Amino acid sequence: MRSALMTKLAVLAVATALTGCIKSKQYWTIYPDGSGKVEIENTLMGMMAQMAKMGGQMGPDAGEAQDPYQMIKESVKGKVYWSDFEAKDGPNGEYVLKGTAYFENINDVSTGDDEDSKLVWKKNDDGSFSLVMQNDEATEGLPGMPGMGEGGEPSSPEEKAQQEQMKAMMMGMLAGFEVKIAFTGPGEVTDMKGFQTKDGRTVAFTLTEDDVKALMNKEKTPPKQLSATFAAPGEGLAAEFEAFKKALAEAKAKAQKEDAGEGKGGDSDHGKKENDEDSGSENGGSQQF
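All residue numbers here refer to positions counted from 1 along the written sequence of the relevant chain. Given that this is a predicted model, residues contribute local features only at a pLDDT of at least 70 and side-chain atom pairs are listed and counted only at 80 or more, while totals for whole chains, interfaces and linings are drawn from all residues. As a rule here, side-chain values come from all non-hydrogen atoms in the structure, and water together with hydrogens is ignored.

### Digging into the overall build of the protein
Along the protein, the regular secondary structure elements total six helices and 13 strands. By definition in these notes, contact holds between two residues if any of their heavy atoms fall within 4.5 Å. Sequence separation of 24 or more characterises 70% of the internal contacts of the protein that already satisfy a separation of 6 or more. Working note: accessible area of the protein is about 14200 Å², and carbon and sulfur atoms make up 49% of it. Here a helix means four or more residues in a row that DSSP labels H or I, a strand means two or more in a row labelled E, and each is numbered from the N terminus. Areas reported as accessible are Shrake-Rupley estimates using a 1.4 Å probe. Residue values count occlusion only from the protein chains shown.

In structure tokens form, the structure reads like this:
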């Protein structure tokens, strides 16, 4: 099994370097029953920011607006309920998009279109909890890495030259690129593999422009697997969990209403933040971006 979540980190650099750069954050919170949420923030820069703004206003057809949050929605799929969308301009021409996906079972959530892109969450016999995701193909698609030619290598001098040209072009256009993924579990982190940092209940992995360059130059390799073990929750989680369940129920009810056709037009002003009054402390456990 491989996880498209980490595969996308590297491939995202390829896709964005030619049109501008991106800073992306995904903060996952998972509770003992497997329910939780993922808060996503994408900061688009350069031409990518301008293209996103134009697409949101103009759409593919005259007079038809395109959903500016499609990029966020495509990054997390499955049985999720979206809420708290926000789009705003940054101080230096950036375009910042936010959204939160609530879920009842993380094992029903994926970060891609196939079964291999699901995260694996389970409760252990000792009361602890385990999170596992494979990272076998995290560098596929990067110039200089497997996947760029037949059998993973350029099959001709022309292809090798083209690959080197693409790599050189990307090297100069990755300024500011950064992707961070963090997972917060029910209890303290007791063990981790592949992740770079841990702090209390949270583990995190960050891919920067320097990391991408080192991967393309084959100066480093990514971990084959990312995993973490979280201790059983303490009493202090109860209030946070109750607040989360309220926010989950609200997001689910809103999504079901829209699916039934009763909420059409409710998300028309995507440039404004939804639930301004409800997106604060009631949501419980919110990460600060």
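### Topic: the pattern of salt bridges
What counts as a salt bridge is simple: a side-chain nitrogen of Lys or Arg found within 4 Å of a carboxyl oxygen of Asp or Glu. Counted according to the given criterion, the structure contains six salt bridges. The shortest N-O distance in the salt bridge between E104 and K252 comes to 2.9 Å. Linking E104 in the loop between β5 (95–103) and β6 (109–110) with K252 in helix α6 (residues 237–259), this pair joins segments that are 148 residues apart in sequence. Burial classes follow relative accessibility: with a 1.4 Å probe on protein chains only, a residue under 20% of its type's maximum area counts as buried, one over 50% as exposed, and anything between as partly exposed. Among the residues examined, E104 registers a relative accessible area of 34% and is labelled partly exposed. Assessed through its relative accessible area of 25%, K252 is described here as partly exposed. In this structure, R201 and E240 form a salt bridge, with 3.1 Å as the shortest nitrogen-oxygen distance. Of this pair, R201 sits in the loop between β11 (197–199) and β12 (202–208) while E240 sits in helix α6, and the two are 39 residues apart along the sequence.

### What to know about the packing of aromatic side chains
Each pair of aromatic rings taken from Phe, Tyr and Trp, with Trp reduced to its six-membered ring, is defined by centres within 6.5 Å and is described as stacked if the planes are under 30 degrees apart, edge-to-face if over 60, and tilted in the remaining cases. By the definition in use, this model includes 11 aromatic pairs. Between W28 and F183, the aromatic rings sit 5.6 Å apart at their centres with planes inclined by 25°, giving stacked as the arrangement. Linking W28 in strand β1 (residues 22–30) with F183 in strand β9 (residues 178–184), this pair joins segments that are 155 residues apart in sequence. Of the two residues, W28 and F183, neither departs from the other in class, the shared state being buried. Ring geometry for Y31 and F241: centres 5.1 Å apart, planes at 25°, overall stacked. Of this pair, Y31 sits in the loop between β1 and β2 (36–44) while F241 is found in helix α6, placing the two residues 210 residues apart along the sequence. Each member of the pair Y31 and F241 is classed as buried. Site record: aromatic cluster; members linked through ring pairs are W28, F103, F183 and F195. Only lysine NZ and arginine CZ atoms are considered, and such an atom sits over a ring when it is within 6 Å of the ring centre and within 35 degrees of the ring normal. The residue whose ring lies beneath K245 is F241, and the NZ or CZ to ring-centre distance is 4.8 Å.

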